[in-house]
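Here are the chains, one letter per residue:
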Amino acid sequence: QVQLVESGGGLVQAGGSLRLACAVSRRTFGAYGWFRQGPGKEREFVAAISASEGSISYHDSVKGRFTISRDSAKNTMYLQMNSLKFEDTAVYYCAAKYGSSIPITDRQYDNWGQGTQVTVSS
């Protein structure tokens, strides 16, 4: 059974940084993504990266602040989050899909982690 396990969430003050990690148990996926769901909100796209790292995409709200990356040797994906804002507060989920395209809609991802809470205090 494929497992995606997130880590690195926590409480941070506005302006601070966190790095989320997503360990993936299978190496056959073609692309990976980060999504988040804030209180009372629908789940939304944050960032995505192809397995080859040739394609990367970000939601406009995180461009210039968040960086997605992947360590193929460790089969782990990361989300470096800098200059965090109160509105970044959410449960963050990592996801993986077959094929190298990096869609921004969650229904196109095949496997999901359990989520990790990120809380930004103002």
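Since we're looking at a predicted model, the values are computed, not measured.

**Some words on the side chain of Arg 70**
Relative to the helices and strands, Arg 70 is located in strand S7 (residues 66-71). Among buried charged residues, Arg 70 stands out as having no salt bridge; its nearest opposite-charge side chain is Glu 53, 4.8 Å away. Among the polar contacts made by the side chain of Arg 70, one reaches the side chain of Tyr 32 at a distance of 3.5 Å. Contacts of Arg 70, omitting those with residues within four sequence positions, involve Tyr 32, Ile 49, Ala 51, Glu 53, Asn 75, Thr 76 and Met 77.

**Re unusual backbone geometry**
Leave glycine aside and you will find that most residues have negative phi; peptide bonds, for their part, are mostly trans. For Glu 53, which is not a glycine, the phi torsion comes out positive at approximately 65 degrees. Owing to a relative accessible area of 40%, Glu 53 belongs among the partly exposed residues under this scheme. A positive phi angle, near 50 degrees, is found at Ser 83, a position not held by glycine. The exposure class of Ser 83 is partly exposed, given its relative accessible area of 41%.

**Examining the state of the cysteines**
Summed over all chains, the structure comprises one disulfide. Note on cysteine connectivity: Cys 22 is disulfide-linked to Cys 94, with sulfurs 2.1 Å apart. Around the S-S axis, the bridge from Cys 22 to Cys 94 shows a dihedral of about 60 degrees and counts as right-handed. Pair noted here: Cys 22 is in strand S3 (residues 18-24) and Cys 94 is in strand S9 (residues 90-97), with a separation of 72 residues, a long-range link.

**Looking at the sheet that holds S3**
Taking strand neighbours across the sheet as the criterion, the four strands line up as S1-S3-S8-S7 in an open arrangement whose pairing is antiparallel. Either end of the sheet is taken by a strand with one partner, and the two such strands are strand S1 (4-7) and S7. For this sheet, the mean angle separating the axes of adjacent strands, direction not counted, is 15 degrees. When S1 meets S3, the two strands line up antiparallel, connected through four bridges. Residue Val 5 lies in a different strand from S3, and its bridge partner there is Ala 23.

**Description of the nonpolar core**
If you look at the biggest cluster of nonpolar residues, it comprises 26 residues, and the most contacted ones within it are Trp 34, Val 46, Phe 66, Met 77, Leu 79, Met 81 and Tyr 92. Among the elements of the structure, S3, strand S4 (31-37), strand S5 (44-50), S7, strand S8 (76-81), S9 and strand S11 (116-121) are those that each provide at least two residues to this core. The residues contacting Met 81, other than those within four sequence positions of it, are Gly 16, Ser 17, Leu 18, Leu 20, Arg 65, Phe 66, Tyr 92 and Val 118.

**Topic: the environment of Ser 7**
Tracing the sequence through the fold places Ser 7 in strand S1. Counting along the chain gives 110 residues from Ser 7 to Gln 117, while the straight-line C-alpha distance between them is 9.1 Å. Not counting the four nearest positions on each side in its chain, Ser 7 is found in contact with Arg 19, Leu 20, Ala 21 and Thr 116.

**A few points about the pattern of salt bridges**
Should their charged atoms come close, side chains of opposite charge can pair. If you walk through the whole model with that rule in mind, you get five salt bridges. Note that Lys 63 and Asp 60 form a salt bridge whose closest N and O atoms lie 3.1 Å from each other. Between Asp 88 and Arg 65 there is a salt bridge, and its shortest N-O distance comes to 2.7 Å. Taken together, the residues Asp 88 in the loop between S8 and S9 and Arg 65 in the loop between strand S6 (56-58) and S7 connect sequence positions 23 residues apart. We note that Asp 88, like Arg 65, is buried. Residues joined by salt bridges that share partners form a network here, namely Arg 36, Glu 44, Arg 65 and Asp 88.

How each quantity is defined
- Residues numbered from 1 in each chain as written.
- Predicted model: local features only at pLDDT ≥ 70, side-chain atom pairs only at ≥ 80, totals over all residues.
- Heavy atoms only, no water.
- Helix = DSSP H or I, 4+ residues; strand = E, 2+ residues; numbered from the N terminus.
- Buried < 20%, exposed > 50% of the residue type's maximum accessible area, 1.4 Å probe, protein only.
- Lys, Arg positive; Asp, Glu negative; His and termini not counted.
- Salt bridge = Lys/Arg side-chain N within 4 Å of Asp/Glu carboxyl O.
- Polar contact = N/O pair within 3.5 Å; in protein donor to acceptor, adjacent residues only side chain to side chain.
- Contact = heavy atoms within 4.5 Å.
- Disulfide = S-S within 2.5 Å.
- Pairing = 2+ DSSP bridges.
- Axes fitted to C-alpha atoms, helices over the stretch in contact; angles between N-to-C directions.
- Core = buried A, V, L, I, M, F, W, Y, C linked by side-chain atoms within 4.5 Å.

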